[in-house]
Amino acid sequence: MPGVADLSPSAARSLPGSGRTAVVTGASSGIGAATAERLAAEGFDVVLGARRMDRLTALAERIGARALPLDVTDPASVEAFTAALPRVDVLVNNAGGAFDTRPVAEADLDSWARTYDVNVLGTVRLTKALLPALQASGAGDVLFVGSTAGLVSYEGGASYTAAKHGVHTLAGTLRLELVAEPVRVIEIAPGMVRTEEFSLNRTGSQEQADAVYRGVREPLVAEDVADCIAWALTRPHHVNVDLLVVRPRAQAAQHKVHRESD
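Sequence positions are assigned chain by chain, starting from 1 and proceeding in written order. Totals for whole chains, interfaces and linings use every residue, but because this is a predicted model, local features are given only for residues with pLDDT of at least 70 and side-chain atom pairs only at 80 or more, for both listing and counting. Computation of side-chain values: all heavy atoms of the structure, hydrogens and water removed.

Q: Tell me what's going on with the overall build of the protein chain, and back it up with residues and numbers.
A: Secondary structure counts use DSSP, requiring at least four H or I residues in a row for a helix and at least two E residues in a row for a strand, with both numbered from the N terminus. Of regular secondary structure, the protein chain possesses nine helices and eleven strands. For 262 residues, the compact-globule estimate of 2.2 N^0.38 gives 18 Å, and the protein chain sits close to it at 18 Å. Once the C-alpha set of the protein chain is aligned to its principal axes, its extents read approximately 55 × 45 × 35 Å. Whether a residue is buried, partly exposed or exposed follows from its accessible area with a 1.4 Å probe, protein chains only, as a fraction of its type maximum: under 20%, in between, or over 50%, in that order. Relative to its 262 residues, the protein chain shows a buried fraction of 47%. Within the protein chain, contacts between residues separated by at least 24 positions form 68% of all contacts whose residues are at least 6 apart in sequence. All accessible areas in this document rest on Shrake-Rupley with a 1.4 Å probe, and a residue is counted as covered only by the protein chains that are shown. Accessible area for the protein chain stands at about 13000 Å²; split by element, carbon and sulfur atoms hold 53% of it. Positive charges are assigned to Lys and Arg, negative charges to Asp and Glu, while His and the chain termini are left out of the count. A charged residue contributes its charge at one atom only: NZ of Lys, CZ of Arg, CG of Asp or CD of Glu. Distance from the positive charge centre (25 side chains) to the negative charge centre (31 side chains) of the protein chain: 3 Å. As a reference, a globule follows 2.2 Å times the number of residues to the power 0.38, and the radius of gyration itself is taken over C-alpha atoms. When checking whether two residues touch, look at their non-hydrogen atoms; a contact exists if any pair is within 4.5 Å.

Take a look at the structure:
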């Protein structure tokens, strides 16, 4: 019937992600949650990892995924998470965040350490742990959710830009090291994305978080980035999307954003 989805087993097998297991970190909210939902819709067997199990379990039940506790800053948590995975074809390294807006002259080194640990060291921990499974899959994917902050620096963002520059060079180095292996290394670098928590965690104030997007007619949302991630992961496996930069049309560059007056 027109307008009715074909849910037959043959239709399910034709989905791009059928038969592939995708791990998504930082999946309890924002880009991670949107990516998990999109990959499940593409037929992937999705495993969700994050610390907030209440949110994670609710999402897993809604999209038909598996939820496992994961703190990428804790080696024991990474080890337990990895041990619970019999197969991995795709790793979406999404866990991360920004936690301050201070200039370098007023740097909070604890915030710097936290930012580096979750964005860089945590990503390395899980990537290292899952690489053997990704290689054994015969067609593995490691996808890093980076940021345009990993390509261009800006005032008040040093701790985050330093960390995301680390993620960018991590992706580039790993791609060189795995060139003879059946594993793609992909980086998606979003610009301005409005999510429920990112700017709030960074500024510590809802008013300041709202001001980041004030006057921007259509900032990206998490689903826009998830769409890019799904597209990159569902290309034929000989096609490697090294780096995809995605911004809202209103953002021509890190420092150039069109804002409409009230």
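Q: I'd like to hear about the sheet that holds strand S9 (residues 243-246), residue by residue, with values.
A: Here, any two strands with at least 2 DSSP bridges between them count as paired. Taken in spatial order, the seven strands make up an open sheet running S3-S2-S1-S4-S5-S6-S9, and their pairing is parallel. Strands at the two margins of the open sheet, each flanked by one partner only, are strand S3 (66-69) and S9. Recorded for the sheet is a direction-independent mean angle of 15° between the axes of neighbouring strands. As paired elements, strand S1 (residues 21-25) and strand S4 (residues 90-93) share three bridges and run parallel to each other. Looking across to S4, one finds that Val23 is bridged to Leu91. Every angle, taken between N-to-C directions, lies between 0 and 180 degrees, and every axis is a line fitted to C-alpha atoms, over only the stretch in contact when it is a helix. Seen against the sheet, helix H6 (residues 158-177) touches strand S5 (140-145), strand S6 (183-190) and S9 and runs at an angle of roughly 155° to S6.

Q: Help me get a handle on the environment of Leu151, residues and values and all.
A: Within the secondary structure, Leu151 is located in the loop between S5 and H6. Dropping the residues within four chain positions of it, Leu151 is found in contact with His165, His168, Ala189, Leu243 and Val245.

Q: Go over the pattern of salt bridges, please, and point to the residues and values.
A: The working definition used for a salt bridge is a side-chain nitrogen of Lys or Arg within 4 Å of a carboxyl oxygen of Asp or Glu. Counted under the stated rule, the structure contains eight salt bridges. Between Asp89 and Arg87 there is a salt bridge, and its shortest N-O distance comes to 2.8 Å. Asp89 sits in the buried class, given a relative accessible area of 2%. Given the relative accessible area of 44%, Arg87 is considered partly exposed.

Q: Quick one: what's the story with the packing of aromatic side chains, residue by residue and with numbers?
A: Given two aromatic rings, one states the distance between the centres and the angle between the planes to describe the pair. Working definition: rings of Phe, Tyr and Trp (its six-membered ring) pair if their centres are within 6.5 Å, and the pair is stacked with planes under 30 degrees apart, edge-to-face with planes over 60 apart, and tilted otherwise. Under the counting rule described, the total for this entry stands at zero aromatic pairs. Criterion for a charge above a ring: Arg CZ or Lys NZ at most 6 Å from the ring centre, at most 35 degrees from the ring normal. Its guanidinium or amino end placed over the ring of Phe99, Arg114 lies 3.7 Å from that ring's centre, counting from NZ or CZ.

Q: Go over the layout of surface pockets, please, and point to the residues and values.
A: If you roll a probe as big as a water molecule over the atoms, it shows you where there is empty space left. Any residue with an atom within 4 Å of a point lines the site, the site being either a cavity, points on a 1 Å grid over the protein atoms alone where a 1.4 Å probe fits but cannot get out, or a pocket, an open set with protein on both sides within 12 Å along at least 5 of 7 lines. Grid points are joined across faces, edges and corners, and a volume is the space filled by probe spheres set on the points. As a volume, the second largest pocket reaches approximately 150 Å³. When residue character is reported, Ala, Val, Leu, Ile, Met, Phe, Trp, Tyr, Cys and Pro are called nonpolar, Asp, Glu, Lys and Arg charged, and the others, Gly included, polar. Grouping the constituent residues of the lining of the second largest pocket by class yields one nonpolar, one polar and four charged.

Q: Go over a nonpolar patch on the surface, please, and point to the residues and values.
A: Patch membership requires over 30% relative accessible area and the absence of a salt bridge. Like charges are linked within 9 Å, and nonpolar side chains (Val, Leu, Ile, Met, Phe, Trp, Tyr) within 5 Å. A surface patch of nonpolar side chains, about 260 Å² in accessible area, is lined by Leu151, Val152, Leu243 and Val245. A residue is classified by how much of its surface remains accessible, and Leu151, at 31% relative accessible area, is partly exposed.

Q: Quick one: what's the story with helix H5 (residues 109-136), residue by residue and with numbers?
A: Each turn of an α-helix holds 3.6 residues, which means side chains three or four residues apart point in the same direction. For H5, which comprises 28 residues, the first-to-last C-alpha distance of 39 Å matches the rise-based estimate of 40 Å (1.5 Å per residue) to within 8%. At Leu130, H5 shows its strongest bend, of approximately 45°, with the proline Pro132 following within four residues. The inward-facing, buried residues of H5 abut S1, helix H4 (75-83), S4, S5, H6 and S6. The opening residue of H5 is Asp108, an N-cap whose side-chain oxygen sits 3.0 Å from the backbone nitrogen of Asp110. Directly after H5, the chain includes Gly138, whose backbone phi takes a positive value near 85°. A helix is expected to span 1.5 Å for every residue after the first. Bend at a residue means the angle formed by two fitted axes: the first through the 7 residues ending at that position, the second through the 7 residues beginning there. Polar contact criterion, stated in full: a pair of N or O atoms within 3.5 Å, where within protein one must be able to donate a hydrogen and the other to accept it, and residues adjacent in sequence count only if both atoms are side-chain atoms.

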